[in-house]
Amino acid sequence: MIEARYFTATGDGVQCLLCPHRCRIREGARGICRSRECRGGSLYALSYGMPCALAVDPVEKKPLNRFMPGTRCLSLSCTGCNLSCRWCQNSDISQVAPEETDSTPLSPEAVVDMCLRRRLPSIAYTYTEPFTWWEYMYDIAALAHDKGLKNILVSAGYVEKEPLQEILPYLDAANIDIKAMDNDIYRKYCGATLAPVLENILAMHKAGVHVEITNLLVTGLNDSDGHIGKLCQWMVDNHLPDVPLHFSRYFPWYRMKATGPTPAATLIRAREMALSYGIKDVFLGNI
Ligand code: SF4
Ligand code: SF4
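From a predicted model like this one, the values you see are computed outputs, not experimental measurements.

Rules behind the numbers
- Residues numbered from 1 in each chain as written.
- Chains lettered and ligands numbered in written order.
- Predicted model: local features only at pLDDT ≥ 70, side-chain atom pairs only at ≥ 80, totals over all residues.
- Heavy atoms only, no water.
- Near = heavy atom within 4 Å.
- Nonpolar A, V, L, I, M, F, W, Y, C, P; charged D, E, K, R; others polar.
- Helix = DSSP H or I, 4+ residues; strand = E, 2+ residues; numbered from the N terminus.
- Buried < 20%, exposed > 50% of the residue type's maximum accessible area, 1.4 Å probe, protein only.
- Contact = heavy atoms within 4.5 Å.
- Domains from an automatic or database assignment.
- Salt bridge = Lys/Arg side-chain N within 4 Å of Asp/Glu carboxyl O.
- Polar contact = N/O pair within 3.5 Å; in protein donor to acceptor, adjacent residues only side chain to side chain.
- Pairing = 2+ DSSP bridges.
- Axes fitted to C-alpha atoms, helices over the stretch in contact; angles between N-to-C directions.
- Expected span 1.5 Å × (residues − 1).
- Phe/Tyr/Trp six-rings, centres within 6.5 Å; stacked < 30°, edge-to-face > 60°.
- Lys NZ or Arg CZ within 6 Å of the ring centre and 35° of its normal.

1. Focus on the site of ligand 2
In the vicinity of ligand 2, the contacting residues are C81, L83, C85, C88, S94, Q95, Y127, A156 and K179. Within the shell around ligand 2, the residues separate by chemical class into 6 nonpolar, 2 polar and 1 charged.

Here it is, written out as structure tokens:
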């Protein structure tokens, strides 16, 4: 645990300024992500240096299909997420507090050293929401760049502008998950909003980060031609036809077990639609 960045003191606690939730947190309480706590009038990042998941993955599993293809990355995660998607496949680590999982102390130096010793060319911050453990990601990413390693962000992209800008110089690639091109779906099913996500994708792309976009198609929720067309049109309107787009298949999980898996035909139709809009690289995932 270390003192967090991006907060301001209030009369009875602090306000966290890391993500658009801007949680007001009273003494002894935590923010929505469960991983930032107010103590003694300050804010603490509780999971700093305590990853709960560590693995070696093919970079295509992130998914990134056009960034260092054929290589493997060290995948790392701490608990916490500022979204609460009802279909979350990683709810056992994203929707819990740090003390509710097993974790291992691992300094940023040890993470980078592990990567070098295994001759892995990149580190992926993944599985939960890396922005909720911003300080740990930042320290590892800065050190990794010093040693010639690449940094990969796998995220829902729900972060404030300033912390994003500060970490941007260290990010080489990102896969950002757009849940739906619909703010009501974001609010009702994910506990967040759409606009900051879209703005952040554009900011990353403008900064020269290699960006790929994922869209999980949930049966009957965001898989209509209207939803898919809106995403494709937004990409075209914002000059992103070269950004690889991944349509991912949904499976019943967590708090959404009654809805059946996305039919394969829906994914194939989505891909054909995206190609017809001029999106150049369209991939299907979980299928
Ligand atoms: S990072 Fe966590 S504590 Fe901070 S505003 Fe977002 S949800 Fe709240
Ligand atoms: S953003 Fe990702 S990790 Fe967070 S709740 Fe949604 S699916 Fe789970």
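Next comes the rest of the write-up.
2. Some remarks on the environment of L46
Counting through the fold element by element, L46 comes out in the loop between β6 (42-45) and β7 (53-58). Given a relative accessible area of 12%, L46 falls into the buried group. For the pair L46 and M1, spaced 45 residues apart in sequence, the C-alpha separation works out to 4.5 Å. In this view, L46 contacts M1, R30, R34, S35, R36, E37, R39 and P98; residues no more than four positions away in its chain are not counted.

3. Thoughts on the domain arrangement of the chain
It is common to give the size of an interface as the accessible area that goes away when the parts come together. Domain boundaries assigned for the chain yield domain 1 (2-45) and domain 2 (53-285). For domain 1 and domain 2, the distance between their C-alpha centroids amounts to 25 Å. Between domain 1 and domain 2, the contact holds 17 residues from the first and 23 residues from the second. Between the two partners, domain 1 and domain 2, sit 4 salt bridges. Salt-bridge contacts for E135 lead to R36; the nearest nitrogen and oxygen are separated by 2.6 Å. Counting across the interface, domain 1 meets domain 2 through 11 residue pairs in polar contact (both at pLDDT 80 or more). Split into classes, the residues belonging to the side of domain 1 that touches domain 2 amount to 10 nonpolar, 2 polar and 5 charged.

4. What about the sheet that holds strand β3 (residues 13-16)?
One open sheet accounts for 3 strands, arranged β2-β3-β4; its pairing is antiparallel. Looking along the sheet, the strands with just one partner apiece sit at the ends: β2 (7-10) and β4 (24-26). Averaged over all adjacent pairs, the angle separating strand axes in this sheet is 30°, with direction ignored. Direction of pairing for β2 relative to β3: antiparallel, over a ladder of 4 bridges. In the sheet register, T10 faces β3, and the bridge partner there is G13.

5. Considering the site of ligand 1
In the region of ligand 1, the neighbouring residues are C16, L18, C19, H21, R22, C23, I25, G31, I32, C33, R36 and N82. Taken together, the residues of the shell around ligand 1 sort by class into 7 nonpolar, 3 polar and 2 charged.

6. Details of the pairing of β6
Looking along a regular strand, one sees side chains alternate from face to face of the sheet. Pairing geometry for strand β1 (residues 2-3) and β6, over 2 bridges, is antiparallel. Note on β6: the bridge partner recorded for E3 is Y44. The pairing of strand β5 (residues 36-39) with β6 spans 4 bridges and is classified as antiparallel. Bridging across to β6, R39 finds its partner in S42. Counting the residues in the hairpin turn of β5 and β6 gives 2 residues, including G40, whose phi is positive at 60°.

7. Side note on helix α3 (residues 134-146)
The end-to-end C-alpha distance of α3, which contains 13 residues, comes to 18 Å, matching closely the 18 Å that a straight helix rising 1.5 Å per residue would cover. W134, E135, Y136, M137, Y138, I140, A141, A142 and A144 are the residues of α3 that are buried. Looking at the residues trailing α3, positive phi occurs at G148, about 85°.

8. A few points about the packing of aromatic side chains
This model, assessed by the stated rule, comprises 6 aromatic pairs. When the centroid spacing of 5.4 Å and the interplanar angle of 85° are considered together, the rings of Y6 and W134 count as edge-to-face. Note that Y6 is positioned in the loop between β1 and β2 and W134 in helix α3, a separation of 128 residues in sequence. Given the relative accessible area of 12%, Y6 is considered buried. Judged by relative accessible area, W134 falls into the buried class, the value being 1%. Put simply, the rings of Y6, W134, Y138 and Y170 pair up and form one aromatic cluster. Above the face of the Y6 ring, R5 is positioned so that its terminal group lies 5.0 Å from the ring centre. Note that R86 overlies the ring of Y189, its terminal NZ or CZ placed 4.8 Å from the centroid.

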